[in-house]
Amino acid sequence: MESLIGLLVGFPLLGAAVLLCGGKRLERTGHWLGVLLAGASFVVGAVLFFDMLGKNADERALHQHLFSWVPVESFQADVAFQLDQLAMTFVLLITGVGTLIHIYSVGYMEHDERRRRFFGYLNLFLAAMLLLVLADNYLLLYVGWEGVGLASYLLIGFWQHKPSAAVAAKKAFLVNRVGDAGLAIAIFLMFTTFGSFAFAPVLSNATEGGEGKLTAIGLMLLLAACGKSAQVPLQSWLGDAMEGPTPVSALIHAATMVTAGVYLITRSGAIFNAAPDAQTAVVAVGAVTLLYGAIVGCAKDDIKKALAGSTMSQIGYMVLAAGLGPIGYAFAIMHLVTHGFFKAGLFLGAGSVMHGMNDEVDMRKYGGLRKYMPVTFVTFGLGYLAIIGFPGLSGFFSKDQIIEAAFAKGGTQGWILGAVTLLGAAITAYYMTRVMLMTFFGEERWKRPGQESAEPHPHESPRSMTIPMIVLAFGSVFAGGLFKIGDSFVHWLEPVTQFEHGHSPLSASVVTGATVVTMLIGVGTAWLQYGRRPVPVTAPRGSLLTRAARRDLLQDDINDIALVKPGEYLTRGLVYVDNKVVDGVVNGTAATFGGLSGRTRRLQNGFVRSYAVSMFGGAAVLVAATLLMRAV
Amino acid sequence: MSPVNYVYLAALLFTIGAVGVLVRRNAIVVFMCVELMLNAANLTLVAFSRIHGNLDGQIMAFFVMVVAAAEVVVGLAIIVMLYRSRHSASVDDASLMKL
């Protein structure tokens, strides 16, 4: 069974290599090859999963050592895989949702002439993400980490002829680099502290590292997680990443990329458990991002950007849960999986709406689409109910448990975190209801009386796009309940992440009740604003907060003032110094010697007589000097 | 007559030759002036030989004559070639060796 692990990464990697190097002859069939290999990886994952289910909880982890990569004395970098319950969860999510998104892309990218390349990049994305979760040491994880960064760059900038897409891709890459630096530093620190960067020695000896060093490692890991998972303060790339094709957004937000940060924190749980300060920082980042993303999501009229804000917020929930320690890890991963289902479903639904609306993304120009796209409406609606935490659907179970765990943190912190998560749940319900109402209900604002030829003709998407949406809708509805029955998911992860029951000051039923009530308040508020009243086609000016939220709460302005402008001034100053001072010295020296030699060469006038004069003069001076010396 | 007078005469001749070299443009005249300077030097050598009463200076004078003869051969050849190429014997016309 161990030997199958390599295939998980190998299949999509092969697909990427073949599709990207295969050239034009694969133009007509290449996309099916991409789908096939992603699917093959999923099948391998499923086989391994069922094999794993048959074993005892303690014997489930599989290891495969492929080869020694850099063996130098005590520095042993191996290419080796580790498939435990945590990695298995991710493998199934990545390959499962990834395959569905591949199938969806066949229809979505049908008219794109670079479809083969697109599938090559998708496969590369899967391969990198699988490498990330399967690695058994931090260095190999870093390879996957960078691979994810590269693939996201290629995919966000896939429509590179649009300057906005090219800029968004660059932005995502650069912001991610900041996080990558954090991960690199964390690995360096691990090596100096523990003499190794493989999971087993580092995590089992974590408590021996000394709290100061562990806090430093934890904070650096958090920085890395912030970059990949778009958490404050490195969140700015996520909204712009919507420039990529919609399946890419679905892949980034559901199965790959943004989940990497949560994985990293959960995987490094032993380090965080031993460094309470770093844990507090994780919780703080999660709580801030949770509200930040939710507020941004409320103000966006672009359907994809509203969903992007929502992703940021939901990942905030996961990071917060992961920061709670052993009481939260399992819930973070559980929410991650259910979120993978409903967010992928929502994004694919949004893509389907755009597909039918001539790529219009402004929700103010939608309205009343439920009649025209019944399948999209139902699947999107189920995803919507799941994300707002409607009782019985998957989001309800996973989010409710995070809120409960937040209260269970205890003390003032527990109350604050609990309140924040509840508030987040209300805002989530608000903005998702807003998206739902603006898109599928209300007047048909896309109609243009008198200009019938210019108006879009909304229609249901082809089968290849609706089937993945239906499958994901099933996941959104049932996954949470399935995980909740007998706490199966928590027990499944327990050998890897540990688990302890938190003691909440509020009873579980009170928390659940509060969650449902806040959710209903959010839905009700949205209905009052967007359901009962008609939605204006041009956005009203809005309050100060709305205007700030439309600009992503000024994230770009802050980055501009704090980082970009000083950087610009610095480079300008350096260019000035280079031009004026360094070049000045060089050019000045050259000019001085040039001028001097210009003067000197006038002596060479070519006239024999003048040379003769100098000879006579010289001779006279010599004779005079000789005589003078004699006289003295 | 004191032999020192020959030295004075030699100095006079040398000066005339030097001024001629510096002032005249005609290559032949310049050349003649160079010869004048050489012979002034010869005269000095011979005069000092007489004053000191040994023959070193006179032998040196012979050497100078031989060198002068060789120089005349080369120099005249150069002047003839110069005249052929430029139709002028002015030394100022041969001023190509400058930057």
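Residues numbered from 1 in each chain as written. Chains lettered and ligands numbered in written order. Predicted model: local features only at pLDDT ≥ 70, side-chain atom pairs only at ≥ 80, totals over all residues. Heavy atoms only, no water.

*Asks:* Explain the overall build of chain A to me, please; I cannot follow it from the model alone.
*Replies:* Looking only at helices and strands, chain A features 24 helices and two strands. Viewed in the frame of its principal axes, chain A has a C-alpha envelope of about 125 × 75 × 60 Å. Relative to its 632 residues, chain A shows a buried fraction of 54%. Relative to all contacts within chain A whose residues are 6 or more apart in sequence, the contacts with residues 24 or more apart total 80%. Summing over all exposed atoms, chain A offers an accessible surface of approximately 26100 Å²; the carbon and sulfur share of this is 66%. Considering chain A, the positive charge centre built from 46 side chains and the negative charge centre built from 41 side chains are found 12 Å apart. (Helix = DSSP H or I, 4+ residues; strand = E, 2+ residues; numbered from the N terminus. Buried < 20%, exposed > 50% of the residue type's maximum accessible area, 1.4 Å probe, protein only. Contact = heavy atoms within 4.5 Å. Areas by Shrake-Rupley, 256 points an atom, 1.4 Å probe, with all protein chains shown as cover. Lys, Arg positive; Asp, Glu negative; His and termini not counted. Charge placed at Lys NZ, Arg CZ, Asp CG, Glu CD.)

*Asks:* Explanation requested: the packing of helix α17 (residues 394-408) of chain A against helix α18 (residues 411-440) of chain A in the structure shown.
*Replies:* For any two helices packed against each other, one specifies the crossing angle of their axes together with the interaxial distance. All names here are of chain A. The contact between α17 and α18 brings their axes to 7 Å, and the two run at 155 degrees. On the basis of the axis angle, α17 is roughly antiparallel to α18. Side by side, α17 and α18 meet where Lys-399, Ile-403, Ala-406 and Phe-407 of the first sit next to Gly-414, Trp-415, Leu-417, Gly-418, Ala-419, Thr-421, Leu-422, Ala-425 and Thr-428 of the second. Looking at the contact of α17 with α18 residue by residue, the classes come out as eight nonpolar, four polar and one charged. (Axes fitted to C-alpha atoms, helices over the stretch in contact; angles between N-to-C directions. Parallel < 35°, antiparallel > 145°, perpendicular 65-115°, else oblique. Nonpolar A, V, L, I, M, F, W, Y, C, P; charged D, E, K, R; others polar.)

*Asks:* Explain the environment of Ser95(B) here, please?
*Replies:* You can see Ser95(B) is positioned in the segment after α3 (56-86). Separated by 53 residues in sequence, Ser95(B) and Asn42(B) place their C-alpha atoms 31 Å apart. If we skip the residues at most four places from it in the chain, Ser95(B) touches Asn605(A), Gly606(A) and Phe607(A).

*Asks:* Looking at this structure, how should I read the nonpolar core?
*Replies:* Nonpolar side chains tend toward joint burial in soluble globular proteins. By size, the foremost hydrophobic cluster in this structure holds 195 residues, and its most contacted members are Leu83(A), Leu134(A), Tyr138(A), Trp237(A) and Ile271(A). The element best represented in this core is helix α15 (residues 329-356) of chain A, accounting for 16 residues. Those residues in contact with Ile271(A) that lie beyond four places of it in its chain are Tyr138(A), Met190(A), Val202(A), Leu203(A), Ala206(A), Leu214(A), Ile217(A), Gly218(A) and Leu221(A). Residues Ala18(B), Val21(B), Ala27(B) and Cys33(B) belong to the second largest nonpolar core, which totals twelve residues. (Core = buried A, V, L, I, M, F, W, Y, C linked by side-chain atoms within 4.5 Å.)

*Asks:* Help me understand the packing of helix α8 (residues 211-229) of chain A against helix α11 (residues 258-267) of chain A, please; the structure alone is not making it clear to me.
*Replies:* All names here are of chain A. Where α8 meets α11, the axes come as close as 6 Å, and the angle between the chain directions of the two elements is 160 degrees. Of the possible angle classes, the one that applies to α8 and α11 is roughly antiparallel. The crossing of α8 and α11 is left-handed. Judged by residue contacts, Leu-221, Leu-222, Ala-224, Ala-225, Lys-228 and Ser-229 of α8 engage Val-258, Ala-260, Gly-261, Val-262, Leu-264 and Ile-265 from α11. For the contact of α8 with α11, the per-class residue count stands at nine nonpolar, two polar and one charged. (Left-handed = near helix turned anticlockwise from the far one by under 90°.)

*Asks:* Is there a simple way to explain the side chain of Gln64(A) in this structure?
*Replies:* Residue and element names in this part refer to chain A. Turning to its location among the elements, Gln-64 is positioned in strand β1 (residues 62-72). Among the polar contacts listed, one links the side chain of Gln-64 to the backbone nitrogen of Gly-6, at a separation of 3.0 Å. Among residues more than four places away in sequence, those in contact with Gln-64 are Glu-2, Ser-3, Ile-5, Gly-6, Val-79, Ala-80 and Phe-81. (Polar contact = N/O pair within 3.5 Å; in protein donor to acceptor, adjacent residues only side chain to side chain.)

*Asks:* What is the right way to read the interface of chain B and chain A from this model?
*Replies:* It is common to give the size of an interface as the accessible area that goes away when the parts come together. Facing 14 residues of chain B, the contacting portion of chain A comprises eleven residues. Both sides together, the interface formed by chain B and chain A hides about 1000 Å², and carbon and sulfur atoms give 65% of it. Along the contact surface separating chain B from chain A lie one salt bridge. Among the ionic pairs, Arg609(A) bridges to Asp92(B), the shortest N-O distance being 2.5 Å. Put simply, chain B and chain A have two residue pairs in polar contact (both at pLDDT 80 or more) between them. Of the residues assigned to the side of chain B that touches chain A, the class counts are nine nonpolar, one polar and four charged. (Buried area = accessible area lost by both parts, 1.4 Å probe. Salt bridge = Lys/Arg side-chain N within 4 Å of Asp/Glu carboxyl O.)

*Asks:* Can you walk me through the environment of Ala275(A) in this structure?
*Replies:* Checked against the element boundaries, Ala275(A) lands in the loop between α12 (269-273) and α13 (276-299). A sequence separation of 31 residues divides Ala275(A) from Ala306(A), and the C-alpha atoms of the two residues are 35 Å apart.

*Asks:* How do you make sense of the packing of aromatic side chains when you look at a structure like this?
*Replies:* Where two aromatic rings form a pair, the distance of their centres and the angle of their planes describe that pair. All names here are of chain A. The final tally for this structure, using the stated rule, is 21 aromatic pairs over all chains. With 5.3 Å between their ring centres and 70 degrees between their planes, Phe-396 and Phe-397 make a pair best called edge-to-face. With a relative accessible area of 19%, Phe-397 lands in the buried category. Members of the aromatic cluster, connected to one another through ring pairs, are Phe-118, Phe-119, Tyr-121 and Phe-158. Directly above the ring of Phe-158 sits Arg-114, whose terminal nitrogen or CZ lies 4.5 Å from the centroid. (Phe/Tyr/Trp six-rings, centres within 6.5 Å; stacked < 30°, edge-to-face > 60°. Lys NZ or Arg CZ within 6 Å of the ring centre and 35° of its normal.)

*Asks:* Quick question: what am I supposed to make of helix α1 (residues 4-23) of chain B here?
*Replies:* Turn by turn, an α-helix covers 3.6 residues, leaving residues three or four places apart pointing in a common direction. End to end, α1(B) covers 29 Å across 20 residues, agreeing with the expected 28 Å (1.5 Å per residue, within 8%). Buried residues of α1(B): Val7(B), Ala10(B), Gly17(B), Ala18(B), Gly20(B) and Val21(B), and no others. What you see down the axis of α1(B) is that its buried residues fit within an arc of 160 degrees, all on one side. In α1(B), the exposed positions that point more than 90 degrees away from the buried face belong to Tyr8(B), Leu12(B) and Val23(B). Packed against the buried residues of α1(B) are α24 (608-631) of chain A together with α2 (27-52) of chain B. (Expected span 1.5 Å × (residues − 1). Arc of directions from axis to C-beta.)

*Asks:* Just checking my understanding: could you explain unusual backbone geometry for this structure?
*Replies:* Of all residues except glycine, most have a negative phi; of all peptide bonds, most are trans. In this structure, the amide linkage connecting Val232(A) to the following residue, Pro233(A), adopts the cis form with an omega of 10 degrees. Mapped onto the fold, Pro233(A) is located in the loop between α8 and α9 (236-240). The backbone of His87(B) sits at a positive phi, close to 55 degrees, despite the residue not being glycine. Looking at the element boundaries, His87(B) is found in the segment after α3.

*Asks:* Which parts of the structure should I look at to understand the pattern of salt bridges?
*Replies:* Where side chains of opposite charge bring their charged atoms close, a pairing between them can arise. Residues and elements named next belong to chain A. Summed over all chains, the structure comprises 20 salt bridges over all chains. Ionic pairing is found between Asp-51 and Lys-55, a salt bridge with its closest N-O pair at 3.7 Å. We classify Asp-51 as partly exposed; its relative accessible area is 23%. Between Glu-444 and Lys-371 there is a salt bridge; the shortest N-O distance is 3.1 Å. Placement of Glu-444 in the loop between α18 and α19 (463-484) and of Lys-371 in the loop between α15 and α16 (374-388) is noted, with a sequence separation of 73 residues between them. The structure contains a network of salt bridges with shared partners spanning Glu-146, Arg-177, Asp-180 and Lys-228.

In short, the description is geometric, and any link to function would need to be established separately.
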